[in-house]
Amino acid sequence: MADTKREIERKYESDESGLPDLTGVAGVATVIDKGVAELDAVYYDTPDERLAAASITLRRRTGGSDAGWHLKLPVSTGVRDEIRAPLSDTLPGELAGLVRSRVREAELVPLVRLLSTRDVSDLLDADGILLAEVSVDAVVAQRLTEDGRTAQWSEIEVELADDGDPAFLDKVDKKLRKAGVRPSGSPSKLARALQETAPKKGKKKDQKRDKKRDKKRETAEAPSEPVTPGDHVLAYVRVQRDAIIELDPAVRRDVFDSVHSMRVATRRLRSTFKSFGKVLDRAVTDPIGEELKWLAGELGVDRDQEVLTERLTGALDDLPESLVTGPVRTRLRTWAGKDGGTGPGPELIEALDGQRYLELLESLDAVVKDPPLLKAAEGDPEKVITEAVKKDFGKVAALVEEALAQPSGADRDLAMHEARKKAKRTRYAAEAASPLLGKPTKAVVKDMKSLQTLLGDHQDSVMAREALRGIALQAHQAGESAFTYGLLYGREERRAELAEGALPGTWAKISADVPF
């Protein structure tokens, strides 16, 4: 079973003089020599180095105190999550799943071998508590493909102790710099190894061909500055495509808010394909949108229930105990399906491991690399983008006016729900337009978010009342009191009334602010 460790470290260039004296670092009382360890690590990647391109490392290491498989996922500069699995001859399935969105159906092969002689020291405070581990590593790197080139260097690595204060690394940094030690030019040993053992270039003709190919790939993937309407829309599409890929391992690991964030990325993509149908050919993007809808549904199976459960339990917690009659909390837990388990459900993991998901990722890549652009994609950027946002806003306006014209009841509930969905779509269109149109569309984003929140609370109330009716019926059939459920139902009804009452004023303000 894999376990995760948050790794916060800094790397420095080192010469043959070893580790400078660190006893003068503020807070350090003792420097303990922990001895020398011999480490042997083989790093795996696809032949075209997809993991390295994403600053992800996957290795099988022997020697030292943590032999096994290690997968390192970037969090921020100098911070990575290291997922460890026991030593085995083959890559553990759990780690393979965490890199699936990057690797797809490509083969993972041994790419580089690093042999490190590691001289380790612990920095302790006056109470003997570990502050950081410092090592001086003599590294020999060998490329396991192509011509087997080698490289060697020495570096200093400072890793913060678990639950340590990151500010402590600044103190160590100051001492090392004062001693003439400088930060490493590479973010990781693997990055340096790949650079220094890269195969020699072939003939000039091959070099020219490779350079032209790489330039074309870079231009297709990340144009420097959006110019045309197509550029602007694709820039937004690219960000959402990247978000899905990057969030995949976090969803599998049940990282907080990762499921919600991936689901939002799928919605943003679907909305963008619809909103900018004059820029990107919907004959191509509509089928992709249906697949994104499928993925959002898979992500939402547990999420929707979780959100509704939080609403109901929160409302129950707000009630005085004298108004809670019967085993209400137990019944709520039973209704929510809480079995003490954690992490994503098996159905979601099965979906992420499936061929359908991989094909969706490939189709999103295709849209980015070879976009199905229409004539408007080369038109006047401000005109094309503004018209798309304006059209979406018009649909929201029509639905809000329809909702306001309806009496309270199912028809108004439905109209408000539809208006919420269109407000969300307009918000995403305005987000895509903001880099080009600036302040006016940023105001639309803010207004649509406000409207979305109001209408969302109303819809949550509709769903909560529906759930409460069902739970109350179950309680009644079991001979339990349904009083508390009726009380909660009444409170939810009042919340809906307040949302409906606030809608006219909110909409009047938005209508006055809209820049169209």
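See the structure above.
Rules behind the numbers
- By convention here, each chain's residues receive numbers from 1 onward along its written sequence.
- Totals for whole chains, interfaces and linings use every residue, but because this is a predicted model, local features are given only for residues with pLDDT of at least 70 and side-chain atom pairs only at 80 or more, for both listing and counting.
- With hydrogens and water set aside, each side-chain value is computed from the structure's full complement of heavy atoms.
- Like-charged residues within 9 Å of one another, or nonpolar side chains (Val, Leu, Ile, Met, Phe, Trp, Tyr) within 5 Å, are grouped into patches, provided each residue has over 30% relative accessible area and no salt bridge.
- All accessibility values rest on the Shrake-Rupley procedure with a 1.4 Å probe; residue burial counts only the protein chains present in the view.
- By salt bridge we mean one thing: a side-chain nitrogen of Lys or Arg within 4 Å of a carboxyl oxygen of Asp or Glu.
- Charged-residue counts in this description rest on Lys and Arg as positive and Asp and Glu as negative, His and the chain ends being excluded.
- Note that the charge is assigned to NZ on lysines, CZ on arginines, CG on aspartates and CD on glutamates.
- Numbering of helices and strands runs from the N terminus, with a helix taken as a DSSP run of H or I at least four residues long and a strand as a DSSP run of E at least two residues long.
- Whether a residue is buried, partly exposed or exposed follows from its accessible area with a 1.4 Å probe, protein chains only, as a fraction of its type maximum: under 20%, in between, or over 50%, in that order.
- In what follows, a contact means two residues having at least one pair of non-hydrogen atoms within 4.5 Å.
- Stacked, edge-to-face and tilted are the three classes for Phe, Tyr and Trp ring pairs, Trp counted by its six-membered ring, which pair at centre distances within 6.5 Å; planes under 30 degrees apart are stacked, over 60 edge-to-face, the rest tilted.
- Here a strand pair is declared whenever DSSP counts at least two bridges between the two strands.
- Of the two site types, the cavity is a set of points on a 1 Å grid over the protein atoms alone where a 1.4 Å probe fits but cannot get out, and the pocket is an open set with protein on both sides within 12 Å along at least five of seven lines, each lined by residues with an atom within 4 Å of a point.
- Grid points are joined across faces, edges and corners, and a volume is the space filled by probe spheres set on the points.
- Polarity classes work like this: nonpolar for Ala, Val, Leu, Ile, Met, Phe, Trp, Tyr, Cys and Pro, charged for Asp, Glu, Lys and Arg, and polar for all others, with Gly in that last group.

Draft legend 1. Geometry of a positive patch on the surface. A cluster of basic side chains, namely Lys274, Lys278, Lys293, Lys391 and Lys395, defines a positive patch on the protein surface. Within the element layout of this structure, Lys395 appears in helix H13 (residues 381-405).

Draft legend 2. Seen up close, the environment of Arg331. Looking at the element boundaries, Arg331 is found in helix H10 (residues 328-336). For Arg331, a relative accessible area of 18% gives the class buried. Between the C-alpha atom of Arg331 and that of Gln474, which follows or precedes it by 143 residues, the distance is 8.9 Å. If we skip the residues at most four places from it in the chain, Arg331 touches Ile471, Gln474, Ala475, Ala478, Glu480 and Tyr485.

Draft legend 3. Fine view of the packing of aromatic side chains. Across all of its chains, the model carries two aromatic pairs by this definition. Seen from their ring centres, Phe393 and Trp507 are 5.6 Å apart, and the 20 degrees between their planes marks the pair as stacked. Taken together, the residues span a long stretch of sequence, with Phe393 in helix H13 and Trp507 in helix H16 (residues 483-513) at a distance of 114 residues. Comparing Phe393 with Trp507, the two get one shared label, buried.

Draft legend 4. Expanded view of the pairing of strand S5 (residues 79-85). Burial analysis of S5 places six of its seven residues in the buried class, the great majority of the element. Two elements, strand S1 (residues 3-13) and S5, share six bridges in a ladder whose sense is antiparallel. Bridge pairing links Glu7 to Arg80 in S5. With seven bridges connecting them, strand S4 (residues 68-76) and S5 associate as antiparallel partners. Within the sheet, the bridge partner assigned to Pro74 lies in S5 and is Arg80. Linking S4 to S5, which pair antiparallel, is a turn of two residues; within it Gly78 sits at a positive phi near 80 degrees.

Draft legend 5. Fine view of empty space enclosed by the protein. According to the stated counting rule, one finds three cavities of 30 Å³ or more in the structure shown. Counted as a void, the largest cavity has a volume near 40 Å³. Lining of the largest cavity is provided by Phe393, Ala443, Val444, Asp447, Met448, Ile510, Asp513, Val514 and Pro515. Counting only elements with at least two residues in the lining of the largest cavity, the list comes to helix H15 (439-477) and H16. Top contributing element to the lining of the largest cavity by residue count: H15, with four residues. In the lining of the largest cavity, the residues fall into seven nonpolar, no polar and two charged.

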